[in-house]
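Structural description and commentary
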Amino acid sequence: MTQLLGVALRGTGSCVPARVVPNGDFTDILKLDTSDEWIRTRTGIRERRFAASGETSASLGTLAARAAIAAAGLTPADLDLIVCATVTPDLMCPSNANLIQAALGCRPIPSFDIAAACSGFLYALSVGSQFVRTGAAKHALVVGTDVLTRILDYTDRNSCILFGDGAGAAVLSATPVLNTGVRTIRLYSDGTRQELIQVPSKVTQTPPPGPKQVPRLDYMRISGREVFRFAVTRMVELIEQAVVDCRELGLGGIDALIPHQVNQRIIDAALEASGFPSEKVMVNLDRYGNTSAASVPIALDEALRTGRCKPGDTVLLVAFGGGLTWSSALVTL
Ligand SMILES: CC(C)(COP(=O)(O)OP(=O)(O)OC[C@H]1O[C@@H](n2cnc3c(N)ncnc32)[C@H](O)[C@@H]1OP(=O)(O)O)[C@@H](O)C(=O)NCCC(=O)NCCS
C-alpha cells in the first residue's frame, strides 16, 4: 500500500497588473449610471487592476508562479506537475498550464487546467495535493489566474464594477510530516444552479437558459442578489465544517480566515452568522475587486508577505462561485 505523505505549502507568489482602475472611472470614463459611493458601500471595492494589452492570464500566472517557485527555494526544473485554475485561458487549446510550463522552461511534466470559476484555486490545490500526498509528484505548482475584465459587459452596472485581473500561485512539496501543510480540503458543486453565473462561449450552440438575453455571447452575466444569498449560506457552512474538521484545534486554533474576495457585505454577513472573529479575516478586495480563481491565492500571498500570517499559522481558505461551486481548505503554513 502507498505510504501517504504530508503536503507542505512551501512557497506562494502573486502578480497583479500595474493599471489601477478606481471606481470613479466607471462614471467619468465609461459614463455608467453608478457612483463611487454606491460601489464602496455595497461591495467594499475602491479600485481594481486591469490587465494591459499583451498581459494575459498565462503571462500573469507565469509571473506569480516564478515568485512562488523562488519563495519555495526551488527552480522550475524541480517541478513535477502544474495545475492551473482559470476560466479565462489565453487559448481554448492548449491549456494555460502548458503555456506556463513552456514559459518557465520546465521538464516535460504533466500540466493541465481546471475550470471551477472562483473556486478554481482550491480545486487545483486539491488535485495538486493528491499528486503530492500519494508520491506521484514531489513538487507541484498550483496557479489561479483570471482576466475577467476581458469578458465584462461595460454597459451592465450590476457586474462590471465587481471584477479585476490577477494571478496567485503556490508550490506544494512532499514532506514526511503529516498533519502539517494542507490538512483537509472540501469541494462541492451544484450544476442545477448554473444560470446564476455564466459566460456563454463562442462555441455554445444555443443561448443558455436564463431570464435575460445578452447582447453578446461571451460576456459574463450574474444574478447578483441570488449569488449573494448563496455565498453567505455556503460560507457559513464551510466555516462550521472547518471547525469540525480541526476538532483538535477548535475555532481558536484557526489563526486566519482567507475568503474569496467578492463583497465585504457577504464576508460580514457570514462572519456574523458563524461567530467567526472579524479580526482574523484577511481582506484585500478594496484594492483588487474579485479576481476569480486568483482571489484566494493573492490574498494568501499578501497575508504571508506582509506578516499578517506567519509560518506555523493554520489558515482557513474559503471560496465560492460559478458552477455553482464552493470549497474550503485548512492549511498549516
Ligand atoms: C451585485 C451586488 C453588488 C448587488 O448588490 P445588492 O445590494 O444585492 O443590490 P441589488 O442587486 O439588490 O440592487 C439594488 C439596486 O441597486 C442597483 N444597482 C446595481 N448595480 C449598481 C451599480 N453599480 N450602481 C448603482 N446602482 C446599482 C440595482 O439596479 C438595484 O436597483 P433597483 O432597486 O432600482 O432595482 C451584490 O448582490 C453582490 O455582490 N452579489 C454577488 C456578486 C457575484 O455574483 N459575484 C460573482 C461570483 S462570486
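Residues numbered from 1 in each chain as written. Predicted model: local features only at pLDDT ≥ 70, side-chain atom pairs only at ≥ 80, totals over all residues. Heavy atoms only, no water.

Brief notes about the packing of aromatic side chains
Throughout the structure, instances matching the rule amount to four aromatic pairs. For the pair Phe-230 and Trp-326, a centre-to-centre distance of 5.7 Å together with 80° between the ring planes defines the contact as edge-to-face. With Phe-230 in helix H6 (residues 224-245) and Trp-326 in strand E13 (residues 325-332), this pair connects stretches of sequence that are 96 residues apart. Both residues of the pair, Phe-230 and Trp-326, count as buried. Three or more aromatic residues joined by ring pairs form one cluster here, namely Tyr-188, Phe-230 and Trp-326. Geometry around Trp-326 places Arg-234 over its ring, the cationic atom sitting 4.2 Å from the centre. (Phe/Tyr/Trp six-rings, centres within 6.5 Å; stacked < 30°, edge-to-face > 60°. Helix = DSSP H or I, 4+ residues; strand = E, 2+ residues; numbered from the N terminus. Buried < 20%, exposed > 50% of the residue type's maximum accessible area, 1.4 Å probe, protein only. Lys NZ or Arg CZ within 6 Å of the ring centre and 35° of its normal.)

A look at the side chain of Thr-291
Residue position: Thr-291 is located in the loop between helix H8 (285-288) and helix H9 (295-305). Among residues more than four places away in sequence, those in contact with Thr-291 are Asp-146, Gly-164, Asp-165, Gly-166 and Ile-298. (Contact = heavy atoms within 4.5 Å.)

Some remarks on the site of the ligand
Around the ligand, the structure places 22 residues, and the nearest of them are Thr-34, Arg-42, Arg-157, Arg-225 and Asn-263. A distance of 3.0 Å is found between an oxygen atom of the ligand and a side-chain nitrogen or oxygen belonging to Arg-157. In the environment of the ligand, an oxygen atom lies 2.8 Å from a nitrogen or oxygen atom belonging to the side chain of Asn-263. Here the ligand has 950 Å² of accessible area as a free molecule, and 78% of this is covered by the chains. When residues in the shell around the ligand are grouped by element, the largest group, four residues, is from H6. (Near = heavy atom within 4 Å. Polar contact = N/O pair within 3.5 Å; in protein donor to acceptor, adjacent residues only side chain to side chain. Areas by Shrake-Rupley, 256 points an atom, 1.4 Å probe, with all protein chains shown as cover.)

Things to note about the UniProt feature "domain: Beta-ketoacyl-[acyl-carrier-protein] synthase III N-terminal" (unreviewed entry) in the chain
In the numbering adopted here, UniProt assigns the feature "domain: Beta-ketoacyl-[acyl-carrier-protein] synthase III N-terminal" (unreviewed entry) to residues 112-191. When the span residues 112-191 is considered, its composition is 18% helix and 40% strand, and the gap between its end C-alpha atoms is 22 Å. (UniProt positions renumbered as here; feature names shortened; annotations may be inferred.)

A few points about the pattern of salt bridges
A side chain of one charge can pair with a side chain of the opposite charge if their charged atoms are brought near each other. One pass over the full model with this rule turns up eight salt bridges. For the salt bridge of Asp-245 with Arg-186, the shortest nitrogen-to-oxygen distance reads 2.8 Å. Of this pair, Asp-245 sits in helix H6 while Arg-186 sits in strand E8 (residues 181-189), and the two are 59 residues apart along the sequence. You can call Arg-186 partly exposed: its relative accessible area is 26%. A salt bridge links Arg-287 to Glu-302, with the shortest nitrogen-to-oxygen separation between them at 2.5 Å. Here the residue Arg-287 occupies a position in helix H8, and Glu-302 occupies one in helix H9, the gap between them amounting to 15 residues. (Salt bridge = Lys/Arg side-chain N within 4 Å of Asp/Glu carboxyl O.)

Let's talk about the domain arrangement of the chain
Taken domain by domain, the chain comprises domain 1 (6-178) and domain 2 (182-332). Between domain 1 and domain 2, the C-alpha centre-to-centre distance is 14 Å. Contacts between domain 1 and domain 2 engage 50 residues on the former and 47 residues on the latter. Summed over both partners, the interface of domain 1 with domain 2 comes to about 3,700 Å²; 62% of that surface belongs to carbon and sulfur atoms. Considering only the side of domain 1, the residues that lose the most area to domain 2 are Cys-118, Leu-122 and Tyr-123, jointly responsible for 17% of the buried surface there. The interface formed by domain 1 and domain 2 includes zero salt bridges. Across the domain 1-domain 2 interface, the total number found is 21 residue pairs in polar contact (both at pLDDT 80 or more). (Domains from an automatic or database assignment. Buried area = accessible area lost by both parts, 1.4 Å probe.)

Examining the packing of H6 against helix H7 (residues 264-274)
Contact geometry for H6 and H7: axes closest at 9 Å, N-to-C directions at 40°. With respect to each other, H6 and H7 are oriented oblique. Both H6 and H7 take part in a crossing whose hand is right-handed. Residues Phe-228, Ala-231, Val-232, Met-235, Val-236 and Ile-239 of H6 touch H7, and the partners they reach there are Arg-265, Ile-266, Ile-267, Ala-269, Ala-270, Ala-273 and Ser-274. (Axes fitted to C-alpha atoms, helices over the stretch in contact; angles between N-to-C directions. Parallel < 35°, antiparallel > 145°, perpendicular 65-115°, else oblique. Left-handed = near helix turned anticlockwise from the far one by under 90°.)

Quick notes on the side chain of Asn-290
Structurally, Asn-290 can be placed in the loop between H8 and H9. Using a relative accessible area of 4% as the deciding quantity, one classes Asn-290 as buried. From its side chain, Asn-290 meets the backbone nitrogen of Ser-292 in a polar contact 2.7 Å long. When sequence neighbours within four positions are dropped, the list of residues in contact with Asn-290 reads Cys-118, Leu-162, Phe-163, Gly-164, His-260, Gln-261 and Val-262.

Some thoughts on the nonpolar core
Nonpolar side chains in soluble globular proteins generally cluster together in the buried interior. Counting 43 residues, the largest nonpolar core has Met-220, Met-235, Leu-257, Leu-316 and Phe-320 as the members making the most contacts within it. Among the elements of the structure, H6, H7, strand E12 (314-321) and E13 are those that each provide at least two residues to this core. Sort the elements by how many residues they give to this core and H6 lands first, with nine residues. When residues are assigned to domains, this core turns out to be shared by domain 1 (6-178) and domain 2 (182-332), each giving three or more. When neighbours within four sequence positions are excluded, Leu-257 is seen to be in contact with Met-235, Ile-239, Leu-271, Phe-276, Lys-280, Val-281, Met-282, Leu-316 and Val-318. Counting 34 residues, the second largest nonpolar core, distinct from the first, contains Val-7, Ala-85, Ala-170 and Leu-333. (Core = buried A, V, L, I, M, F, W, Y, C linked by side-chain atoms within 4.5 Å.)

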